[in-house]
Amino acid sequence: MAASNTEPQWRTFRRDSHKFNQLVLYIARRSENDPRFGATKLNKLLYYMDTRSYLELGKPITGAVYRHLPAGPVPFEIMEAKRQLVDAGHAKIEWQPYFNYQQERLVALRDADIAWLSEPERQIVDDVLEQLWEYNATELTNISHKEWGWQLTDNYEDIPYELSWLSPEPAPIEAIEHGLQVAKEYGLVNE
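Residues numbered from 1 in each chain as written. Predicted model: local features only at pLDDT ≥ 70, side-chain atom pairs only at ≥ 80, totals over all residues. Heavy atoms only, no water.

S.K.: Explain the packing of helix α1 (residues 17–30) against helix α2 (residues 39–57) to me, please; I cannot follow it from the model alone.
M.R.: When two helices pack together, their arrangement is given by the angle between their axes and by how far apart the axes lie. Contact geometry of α1 with α2 gives a least axis separation of 11 Å together with a crossing angle of 120 degrees. Between α1 and α2, the angle falls in the class oblique. You can see that α1 and α2 cross each other, and the crossing is right-handed. Facing α1, whose interface residues are Phe20, Leu23, Val24 and Ile27, α2 presents Leu42, Leu45, Leu46 and Met49. A per-class count over the contact of α1 with α2 returns eight nonpolar, no polar and no charged. (Axes fitted to C-alpha atoms, helices over the stretch in contact; angles between N-to-C directions. Helix = DSSP H or I, 4+ residues; strand = E, 2+ residues; numbered from the N terminus. Parallel < 35°, antiparallel > 145°, perpendicular 65-115°, else oblique. Left-handed = near helix turned anticlockwise from the far one by under 90°. Contact = heavy atoms within 4.5 Å. Nonpolar A, V, L, I, M, F, W, Y, C, P; charged D, E, K, R; others polar.)

Have a look at this one:
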């Protein structure tokens, strides 16, 4: 997918660093007892939360920009978010042995402020955490490599949220109806 000189529609989502940082902190706190939780898993959890919100609610939770990296989608903002959380004393980075690797773990030192999450967003966040709990970084990387957003972009290219709609499986009628409903709500199709 070649880069374009025009700003794609998906970039119009408002990126909010406070929301992004607080969601990162929330995930770290909720994952403190998950031995598989490390930097790669954090990246994939954020990706699946934002893309699922985009599909179900018509907009991502954080509006983060995800990049195609060799290990799968990574939010462009993640390094800055970690630095800000650590510098503010809200989190720390720990390195722990995990099989043959050194796992970088973000450890929350306080609870996150998630009052800004709507109830549907909160449900998506908690569902994704629960659904992906048992997976490790390698497994999530392999799963993310099957996503069309990752497959249809090149290394270091932004992954448009719109690619989340693509699937090798035929869409169920409920998904088509929901997509039409969301499109109508945003004025993308006429009645």
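S.K.: How should I be thinking about the environment of Pro172 in this particular structure?
M.R.: When you line up the elements, Pro172 lands in the loop between α6 (148–151) and α7 (173–185). With a relative accessible area of 45%, Pro172 lands in the partly exposed category. As for Pro172 and Tyr161, which are separated by 11 residues in sequence, their C-alpha atoms are 20 Å apart. (Buried < 20%, exposed > 50% of the residue type's maximum accessible area, 1.4 Å probe, protein only.)

S.K.: Quick question: what am I supposed to make of the side chain of Glu77 here?
M.R.: Here Glu77 is to be found in the loop between β2 (72–75) and α3 (78–87). On the accessibility criterion, Glu77 (19% relative accessible area) is buried. Excluding anything up to four places from it in sequence, Glu77 contacts Arg15, Phe20, Ala64 and Val65.

That's the geometry; what it means functionally is another story.
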